[in-house]
Each structure stands twice: as C-alpha cells, then as structure tokens.
Amino acid sequence: MKKAIFFDRDGVLNDNINRHVNKPEELILYDGVPEALKMAKEAGFELFVVTNQGGIELGHLSHEMLKKIHDRLEALLEGYCKFKEIIYCPDFKKPSECRKPAPGMILELAEKHNIDLINSWMVGDRDTDITAGKAAGCFTVKIGDIDSRADINELDLPNRRRERKVDLEAVVEAIIEESE
Ligand SMILES: [Mg+2]
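Criteria and cut-off values
Residue positions are given per chain, counted from 1 along the sequence in the order it is written. Reporting in this predicted model follows two pLDDT cut-offs: at least 70 for local features of residues, and 80 or more for side-chain atom pairs to be given and counted; totals over whole chains, interfaces and linings ignore these cut-offs and use all residues. Under the scheme used here, helices are H or I runs from DSSP no shorter than 4 residues and strands are E runs no shorter than 2 residues, and both carry numbers assigned from the N terminus. Every radius of gyration here is taken over C-alpha atoms, with the globule rule written as 2.2 Å times N^0.38, N being the number of residues. Exposed residues have 12 or fewer other C-beta atoms within 10 Å of their own C-beta, buried residues have 20 or more, and residues in between are partly exposed; the C-beta atoms are placed from the backbone. Distance between backbone-placed C-beta atoms decides contact: two residues are in contact if it is within 7 Å. In plain words, the nonpolar core is the set of buried Ala, Val, Leu, Ile, Met, Phe, Trp, Tyr and Cys residues that C-beta atoms within 7 Å link up. For two strands to pair, DSSP has to find at least two bridges joining them. Each axis is a line fitted through C-alpha atoms, and for a helix only the stretch in contact is used; angles between axes span 0 to 180 degrees, taken between their N-to-C directions. In this analysis, the expected span of each helix is defined as 1.5 Å times one less than the number of residues it contains. Each direction from the helix axis to a C-beta atom contributes to the arc, which is the arc of those directions.

Asker: I would appreciate a short explanation of the overall build of the protein chain in the present structure.
Answerer: Check the secondary structure of the protein chain and you find six helices and six strands. What you see in the protein chain, going N to C, is helices and strands ordered as β-α-β-α-α-β-α-β-α-β-β-α. For 180 residues, the compact-globule estimate of 2.2 N^0.38 gives 16 Å, and the protein chain sits close to it at 15 Å. With the C-alpha coordinates aligned to their principal axes, the bounding extent of the protein chain is approximately 45 × 35 × 30 Å. Split into buried and exposed, the 180 residues of the protein chain put 37% on the buried side. Within the protein chain, residue pairs in contact and separated by at least 24 positions form 59% of the contacts whose partners lie at least 6 positions apart.

Asker: Looking at this structure, I do not really get the nonpolar core. What am I missing?
Answerer: Counting residues in hydrophobic clusters, the biggest one holds 47 residues, and the most contacted among them are I5, F6, F7, I106, W121, V123 and V171. In terms of residues, this core owes the most to one element, helix 6 (residues 168–179), which gives six residues. F7 has contacts with V12, L13, F48, V49, V50 and V123, leaving out every residue within four places of it along the chain.

Asker: What exactly am I supposed to notice about the sheet that holds strand 2 (residues 46–52) here?
Answerer: Backbone hydrogen bonds hold the strands of a sheet together, and the pairing may be parallel or antiparallel. Here six strands make up an open sheet; going across it, the order is 3-2-1-4-5-6 and the pairing parallel. With one partner strand each, in any of the chains shown, strand 3 (85–89) and strand 6 (152–153) form the two edges of the open sheet. For strand 1 (residues 4–7) and strand 4 (residues 121–124), the ladder comprises three bridges, and the chain directions are parallel. Bridge pairing links F6 to M122 in strand 4. Each of strand 4 and strand 5 (139–142) touches helix 5 (residues 127–136); the most contacted strand, strand 4, lies at about 175° to it.

Asker: What should I look at first to understand helix 6 in this one?
Answerer: Residues three or four positions apart in an α-helix share a direction because the helix packs 3.6 residues into each turn. Given a rise of 1.5 Å per residue, 12 residues ought to cover 16 Å, and the 16 Å separating the end C-alpha atoms of helix 6 matches this to within 8%. Buried within helix 6 we find L168, E169, A170, V171, V172, A174 and I175. Packed against the buried residues of helix 6 are strand 1, helix 1 (33–42), strand 4, strand 5 and strand 6.

Asker: Would you mind going over helix 3 (residues 63–76) with me for this structure?
Answerer: With 14 residues, helix 3 should cover 20 Å at 1.5 Å per step; its first-to-last C-alpha distance of 20 Å lies within 8% of that length. Buried within helix 3 are the following residues: L66, I69 and L73. The buried residues of helix 3 all sit within an arc of 60° when viewed along its axis, so they share a single face. When the buried face of helix 3 is taken as reference, the exposed residues oriented beyond 90 degrees from it are E64, D71 and A75. If you follow the buried residues of helix 3, they end up packed against helix 2 (55–58) and strand 3.

Asker: I tried to follow the environment of L37 on my own but got confused; where do I start?
Answerer: Looking at the element boundaries, L37 is found in helix 1. Looking at L37, the number of C-beta atoms within 10 Å reads 24, which means it is buried. Along the backbone, L37 and A135 are 98 residues apart, and their C-alpha atoms lie at a distance of 24 Å.

What follows is the structure in structure tokens.
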C-alpha cells in the first residue's frame, strides 16, 4: 500500500481570497506550491486533489469548465509533479456522500489506488477538510485559522515563510518530518 497526501484545492494550492475560481485564468497558485508538491512526491507520497465544487450544482460552472481549470492546474505543475488523480464533488445543497465534511472522496481514492490511510494526510483550509480527513482515518494539516483537532497547523510552523499567504513548502517539510 502507498501513502498519500490529499490536498484541498482552493485556499491550499491556489488563492481564493477574493473570488471563486470559475475560469482557468482565475487559478493562481500560491508561491512555492510546485516545489512543495515535487518534494512530497519525491518523499514517496502519492498526490491527490480532493475539492468541493458546489458551484456546479449552483450553475456557476460546468463539468467541462472545471476540466479546463484542472488542465491548467496540471500545466502549471508540469516539470514538477503529476497528481495521481484530481477528484471533485459537484454537490452543494443536495444530500451528498462526497461533499466534505463527508470523507467519501478520500475513501473512494484510497480504495481505487490502494492507499494506506493511516499513513496519509489531508491538507485543507476549512474545518470541513479536517473533519473529512479525520473521518477517513488520515492525519490532518490545517491551513489558516488554527484548528485544535489538526495534527499540524500551518500558522504554527516555525519554518513558515512569513511573506507567503500560505506556505505549502513548510507544510510538506513538516509532514515529511512527522512521517519519518
Ligand atoms: Mg479550501
């Protein structure tokens, strides 16, 4: 079995402070994200994106447009790393087994790709990400506001680069250290 890191997308890989990402050109990676993902891959983790995209149910974007956004994400990471899979939940209000805080997307990926969840991590910027990661049996990393349930809080990391809104490199360094 392989270990993995499941990354939430918005607010973790890309900046969504000002707006939702409904078009490819609106996807702007935080500084250091390609380098962080490359480091994680080289440390032996499979990489996944696990993202709620309720804008699909709401009619703000289509499956086709989301595919284009994720094509851009992969293009921006070319030469650094490849995600094993990018998975999303299109639901917003309707009852959903995939929309976080439900762990459905993580469990589906683990089953499909033979992932060892107890040695894997969920990284997210919302409490729903932490709830989903814990429900799936993973370790968790919280970006932004502190969540006492998380194993690592990004804002608490001593090696965090203060000029960055989110320092995913510091997060991956901490995950690797905890996993040794
Ligand atoms: Mg998010």
